[in-house]
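Remarks on the overall topology
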Amino acid sequence: MALSELYSDKILDIAGNAVQPGRLPAPDASARKVSRICGSVIEVDVIVADGVITGYGQEVSACALGQTSAAIVAREIVGTRVEDFRTLAQQMREMLKAEGTPPGGKWSDLAYLEPVREFPARHASTLLVFDTVVEALDKAAAKQSITSAS
């Protein structure tokens, strides 16, 4: 597969028509990551209550692949259990790096990114949103455990 074939009409459609949720004014935690390979940047905000992601914001400056994965995450993340998102992030990593199966259910549009597997240099930008959200969830969990311990 040629690199140009990777950017399917569906990927370009999702990336091009993504609703940008913007940043949250009072998140439980935030995280920012930059891809060293392509320079993509994503900043995310999360609100977590009782193990469920109840609020999400993001600001993305990325290639079409990073925009696509970020758009799907922004569309589907609210209402997702924290542990389910962690599992999803691992499933995406396995899909790209270990011939794993694409996510299903409400995350099934992530399957459009399966061809990225053949382009290791594009893995980082595709996974950037997942790595950033997991970091924000880690920060939120640490903050909540400190708050509940005091």
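Residues numbered from 1 in each chain as written. Predicted model: local features only at pLDDT ≥ 70, side-chain atom pairs only at ≥ 80, totals over all residues. Heavy atoms only, no water.

**A closer look at the pattern of salt bridges**
Going through the model one piece at a time under the given rule, you end up with twelve salt bridges. The closest approach of N and O atoms between Glu135 and Lys33, which form a salt bridge, is 3.0 Å. Pair noted here: Glu135 is in helix H5 (residues 123–149) and Lys33 is in strand E1 (residues 29–34), with a separation of 102 residues, a long-range link. By relative accessible area, Glu135 is classed as partly exposed at 24%. Residue class for Lys33 comes out partly exposed when judged on its relative accessible area of 27%. Residues joined in a network through salt bridges with shared partners are Arg23, Arg32, Glu43 and Asp45. (Salt bridge = Lys/Arg side-chain N within 4 Å of Asp/Glu carboxyl O. Helix = DSSP H or I, 4+ residues; strand = E, 2+ residues; numbered from the N terminus. Buried < 20%, exposed > 50% of the residue type's maximum accessible area, 1.4 Å probe, protein only.)

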